[in-house]
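The primary structure of each chain is shown beneath.
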Amino acid sequence: MKLRRLDQILSSCGYCSRSEARRWLREGRVTVEGKTPRSEDTKVLSSQVLVDGEALEAPEGVLALYHKPPGCVCTHETAEGTTIYDLLPQRWRRRHPPVTSVGRLDKDTTGALLLTDQGALVQRWTSPKHKVPKVYEITVDSVLDPNMVPLFASGQLTLEGEAAPCLPATLEILGPRQARLTLVEGRFHQVKRMFAAVGRNVTRLHRSRFGAYDLARLPEGSWVFLDLDQSASPLDSGSGKRA
Ligand code: URA
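K.L.:
Please provide a residue-by-residue account of unusual backbone geometry, values included.
P.N.:
Between H96 and the following residue, P97, the backbone shows a cis peptide bond with an omega angle of -5°. Topologically, P97 is positioned in the loop between α4 (90-94) and β7 (100-101). Its identity as a non-glycine residue notwithstanding, D52 has a phi of 50°, on the positive side. Tracing the sequence through the fold places D52 in the loop between β4 (49-51) and β5 (54-55). Exposure remark for D52: the relative accessible area of 47% places this residue in the partly exposed category. Positive phi is not limited to glycine here, since A216 has a value of about 45°. According to the relative accessible area criterion, A216 is partly exposed, its value standing at 33%.

Structural data, given as structure tokens:
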């Protein structure tokens, strides 16, 4: 942790603008080790700052696991209807940089979505180079065929409109119309398009795991903060980090 200007800390954590910080100090809303600093340019450790008597939320950056509910889109564009950001703390939108999702899930897809303000993590975890495994629980509209298992694993399956075949994927058939699919890439609507390639419509899609982060029993619509210090690789943990 390093010393930073107080107004910079408050603004980067989404509390107020740098210009408002001076007023907040005058009003006595901000304390550092029990005292009200005289000037907004005072350099302090973010862990020492209290606003209205409470420690700052995630002063070193946000990494959270969200159980995305259905009916909301993963975009900052408000024209597309309810967004995940409408359902999350409004202060996260005002952070600099703002909190964003690591990749996207479709409007009707539920499940594990990582949220962060750390651009480097977004880059790393969405890059095909890193092959982060993502696990999907799927229901389709007609009976699954065991021959799909070797086809999905073959690295030969191509999606409509794309020349490069999908990387090998692990398909487990769990019931007549239920399956679990593990992908190490994230093409546009990939799960739905893989099943469309074998003549099935996906009627329910839920992501239970992203890398080492397992949704476990996190309720739909809830989120938990994750440890940024342990986020170097979402693949580190064999059993996964449980919510
Ligand atoms: N694949 C899809 O088709 N949709 C999602 O939301 C995620 C993966």
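What follows continues from the structure just given.
K.L.:
Describe in detail the side chain of Q190, supporting the description with residues and values.
P.N.:
Along the chain, the position of Q190 falls in helix α7 (residues 190-197). Residue classification places Q190 among the buried positions, given a relative accessible area of 3%. At 3.1 Å, the side chain of Q190 forms a polar contact with the side chain of E185. In contact with Q190, other than residues within four places in its own chain, are L159, C166, L183 and E185.

K.L.:
Any details on the pattern of salt bridges? Residues and values, ideally.
P.N.:
If you walk through the whole model with that rule in mind, you get 16 salt bridges. Ionic pairing is found between D117 and R95, a salt bridge with its closest N-O pair at 3.2 Å. Highlighted residues: D117 in the loop between β8 (110-116) and α5 (119-126) and R95 in the loop between α4 and β7, separated in sequence by 22 residues. An identical accessibility class is assigned to D117 and R95; each is buried. Note that R193 is salt-bridged to E162, the shortest N-O span being 2.9 Å. Here E162 lies in the loop between α6 (148-153) and β10 (170-173) and R193 lies in helix α7, a separation of 31 residues in the sequence. Each of E162, E185, R187 and R193 takes part in one network of salt bridges that share partners.

Definitions and limits used
Residues numbered from 1 in each chain as written. Predicted model: local features only at pLDDT ≥ 70, side-chain atom pairs only at ≥ 80, totals over all residues. Heavy atoms only, no water. Helix = DSSP H or I, 4+ residues; strand = E, 2+ residues; numbered from the N terminus. Buried < 20%, exposed > 50% of the residue type's maximum accessible area, 1.4 Å probe, protein only. Polar contact = N/O pair within 3.5 Å; in protein donor to acceptor, adjacent residues only side chain to side chain. Contact = heavy atoms within 4.5 Å. Salt bridge = Lys/Arg side-chain N within 4 Å of Asp/Glu carboxyl O.

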